[in-house]
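Structural overview for review
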Amino acid sequence: MKISGVDIRPGNILEYEKGIWKVAKTQHTQPGKGGAFMQVEMKNLIDGRKTNVRFRSADTVERVRLDTKDFQFLYAEGDDLVFMDTENYDQISLPADLLGDAAAFLQDGMQVSLEMWEERPISVQLPEQVEATIVEADAVVKGQTASSSYKPAVLDNGVRVMVPPHIESGTRIIVDVYEKTYVKKAD
């Protein structure tokens with residue numbers, strides 16, 4: 001589907017210069033002289049390159065629809081992660097860097113969504129929030145109540161997050177996967 005250069009929004013997937021790009025940021029600019037344009041920061045979903053492109057309102061660009069399929073995470077094998085299609089039980093092996101920092105939150109049997117383009121996996125979406133156990137939490141500093149006194153803690157997967165002072169080592173908490181922030185104490 002063709003869209004105008006000024007209709008591009010963050011999160012859109014575009015076909016540009018024979019590549020598939022995800023829009024990270026956009027900035028609409030109207031200079032005093034000349035036509036308005038959209039400054040777009042994009043990341044190539046196949047090789048990871050980033051670029052900044054200026055689209056005028058007269059420019060059109062192809063917006064791509066990705067197919068989403070449900071998969072289950074099975075295990076890690078070296079630098080690869082093995083997933084199973086929940087419909088036909090086919091297994092697929094993907095490089096761990098496709099997930100970026102979110103790979104640390106993968107758990108055996110976790111349900112994930114793979115975004116596919118022409119039957120090729122482009123990205124992996126984990127659940128927004130996961131449950132994790134605190135293995136190490138710093139002691140609370142007394143009298144530090146003037147600020148929102150969060151303290152550093154380490155999760156069982158090695159990720160560092162800031163938690164409220166009442167959270168201690170061994171506590172199960174809910175963590176936002178993409179922001180790496182404490183959400184709440186697990187039930």
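Given the structure is predicted, the values throughout are model-derived calculations rather than measurements. (Residues numbered from 1 in each chain as written. Predicted model: local features only at pLDDT ≥ 70, side-chain atom pairs only at ≥ 80, totals over all residues. Heavy atoms only, no water.)

Empty space among the atoms can be located by rolling a probe the size of a water molecule over them. Counted as a void, the largest pocket has a volume near 710 Å³. Of all the secondary-structure elements, those providing two or more residues to the lining of the largest pocket are strand 3 (19–29), strand 4 (37–44) and strand 11 (120–125). Ranked by residue count, the leading element in the lining of the largest pocket is strand 11, at 4 residues. Residue classes in the lining of the largest pocket are distributed as 12 nonpolar, 5 polar and 9 charged. Taken as a whole, the second largest pocket holds about 160 Å³ of empty space. In this structure, the second largest pocket is lined by Leu45, Ile46, Leu94, Pro95, Asp97, Leu98, Arg120, Pro121 and Ile122. Among the secondary structure elements, those contributing two or more residues to the lining of the second largest pocket are strand 9 (91–95) and strand 11. Among the elements that make up the lining of the second largest pocket, the one with the highest residue count is strand 11 (3 residues). Class assignment for the residues of the lining of the second largest pocket results in 7 nonpolar, no polar and 2 charged. (1 Å grid on protein atoms, 1.4 Å probe; cavity = no way out; pocket = protein on both sides within 12 Å on 5 of 7 lines; lining within 4 Å. Points joined across faces, edges and corners; volume = space filled by probe spheres on them. Helix = DSSP H or I, 4+ residues; strand = E, 2+ residues; numbered from the N terminus. Nonpolar A, V, L, I, M, F, W, Y, C, P; charged D, E, K, R; others polar.)

Turning next to the UniProt feature "domain: Translation elongation factor P/YeiP central" (unreviewed entry) in the chain. Taking the numbering used here, the UniProt-annotated feature "domain: Translation elongation factor P/YeiP central" (unreviewed entry) corresponds to residues 68–122. With 0% helix and 56% strand, residues 68–122 has its two end C-alpha atoms placed 10 Å apart. (UniProt positions renumbered as here; feature names shortened; annotations may be inferred.)

Here the focus is the environment of valine 53. When you line up the elements, valine 53 lands in strand 5 (residues 50–56). The spacing of valine 53 and glutamine 39 is 14 residues in sequence and 5.9 Å in space, taken between C-alpha atoms. The contacts of valine 53, once residues within four sequence positions are left out, are Tyr16, Met38, Gln39, Val40 and Met42. (Contact = heavy atoms within 4.5 Å.)

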